[in-house]
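An overview of the molecular structure
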Amino acid sequence: MSIALNLTNIKSQLPEHVTLVAVSKTKPVTDLMEAYNAGQRIFGENYVQELVDKHDQMPKDIEWHFIGHLQSRKAKLIVPFVSLIHGVDSLKLLEEINKQAQKNNRVVDCLLQVHIAEEDTKFGLDEQELDEILKQVQNDSENYKNIRIVGLMGMATFTENEKQLEKEFNLLKSIFDNNSKFNAANWQLNTLSMGMSGDYKLAISCGSTMVRIGSSIFGNRSPLTPKGGN
Ligand SMILES: *Cc1c(COP(=O)(O)O)cnc(C)c1O
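Residues numbered from 1 in each chain as written. Predicted model: local features only at pLDDT ≥ 70, side-chain atom pairs only at ≥ 80, totals over all residues. Heavy atoms only, no water.

1. Observations regarding the pairing of strand β4 (residues 84–88)
Note the cut-off: For each residue, the accessible area found with a 1.4 Å probe, counting protein chains only, is set against the maximum for its type, and the residue is called buried under 20%, exposed over 50%, and partly exposed in between. Secondary structure elements are defined from DSSP: runs of H or I of at least 4 residues count as helices, runs of E of at least 2 residues count as strands, and each element is numbered from the N terminus. If DSSP finds at least two bridges between two strands, the strands pair.
Burial runs high along β4: five of the five residues are buried. The pairing of strand β3 (residues 63–66) with β4 spans two bridges and is parallel. Its bridge partner being in β4, F66 is matched across the sheet by I85. With three bridges joining them, β4 and strand β5 (residues 108–115) adopt parallel strand pairing. Looking across to β5, one finds that L84 is bridged to D109.

2. A look at the site of the ligand
Short version of the rule: Proximity is defined per residue: if any heavy atom of the residue lies within 4 Å of a molecule or strand, that residue is considered near it. For this analysis, a polar contact is any N or O atom pair within 3.5 Å, provided that within protein one partner can donate a hydrogen and the other can accept it, and provided that sequence-adjacent residues contribute only side-chain to side-chain pairs. Lys, Arg, Asp and Glu make up the charged group, whereas Ala, Val, Leu, Ile, Met, Phe, Trp, Tyr, Cys and Pro make up the nonpolar group; the residues left over, Gly among them, are polar.
Of all residues adjacent to the ligand, which total 14 residues, the nearest are K25, N46, S197, S215 and R221. A distance of 2.8 Å is found between a nitrogen atom of the ligand and a side-chain nitrogen or oxygen belonging to R212. Contacts to the ligand include R221, whose side-chain N or O atom sits 2.8 Å from an oxygen atom. Only β6 (147–155) and β9 (210–213) provide two or more residues apiece to the shell around the ligand. Residues belonging to the shell around the ligand are distributed by class as follows: six nonpolar, four polar and four charged.

3. With respect to the environment of T19
Rules: A contact between two residues is defined here by any heavy atoms of the two lying within 4.5 Å.
Structurally, T19 can be placed in strand β1 (residues 19–23). Residue classification places T19 among the partly exposed residues on the basis of a relative accessible area of 28%. Taking the C-alpha atoms as reference points, T19 and L172, 153 residues apart in sequence, are found 18 Å from one another. Setting aside anything within four residues of it in sequence, one finds T19 in contact with I42, T209, M210 and V211.

4. Some details on the side chain of N6
Checked against the element boundaries, N6 lands in helix α1 (residues 3–13). A residue is classified by how much of its surface remains accessible, and N6, at 11% relative accessible area, is buried. Beyond its immediate stretch of four places on either side in the chain, N6 contacts M1, S216 and I217.

5. Concerning the side chain of N98
Relative to the assigned elements, N98 resides in helix α5 (residues 91–103). Of note is the side chain of N98, whose polar atom sits 3.3 Å from the backbone nitrogen of I147. What N98 contacts, discounting residues up to four positions off in sequence, is N143, Y144, K145, N146 and I147.

What follows is the structure in structure tokens.
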């Protein structure tokens with residue numbers, strides 16, 4: 001099927017309150033343009049240099065999301081234009097994003113990544129670390145004026161076991177609910193980014209408000225492509 005048809009198909013299944021991030025990592029700009037011409041404006045990328053290159057080459061009304069693991073020293077390359085950074089998992093990274101955003105006179109939206117998978121290869125905070133970051137940002141909000149924490153992100157275990165996936169999505173949703181009751185000057189959780197090609201329907205039924213879908217739109221990536229990112 002064509003990219004445009006895949007997009008139409010998926011979008012017709014998404015409830016109105018769920019945002020679709022088209023994950024285009026490793027795919028050529030021609031493929032992204034096909035999605036763009038079909039109306040898609042939100043794209044997610046995992047690799048810093050690839051995101052920078054695609055941002056340069058593509059129309060300027062696109063919202064770029066960084067969904068990979070961001071190294072602090074590379075934040076400066078994407079902060080000038082990125083719309084949302086999904087995988088923030090340390091205070092150090094948050095501080096660096098804030099510093100770079102200040103230089104660019106921007107406020108950058110961030111999601112904190114929570115570790116929900118069984119595998120320990122996936123990045124993310126545990127509940128206590130999440131709590132510490134939210135408290136720090138709240139208590140010292142003067143020093144985090146150029147970031148806004150708008151929600152949480154999580155990646156489930158790579159499995160087809162629906163029970164396992166459901167357990168992990170429900171866990172993230174309950175952490176989200178516990179924290180979205182509160183807010184501070186620069187955090188207010190309203191976005192819950194969970195769900196990919198294989199599990200987005202389940203994620204939505206568990207409360208996701210943002211799904212990150214790649215292969216179901218653009219086709220399979222080369223099996224040699226690493227999953228993570230930098
Ligand atoms: C690659 C990736 C996706 C998309 O995965 P698909 O299975 O191709 O939909 C979503 N989220 C993250 C963090 C990814 O790295």
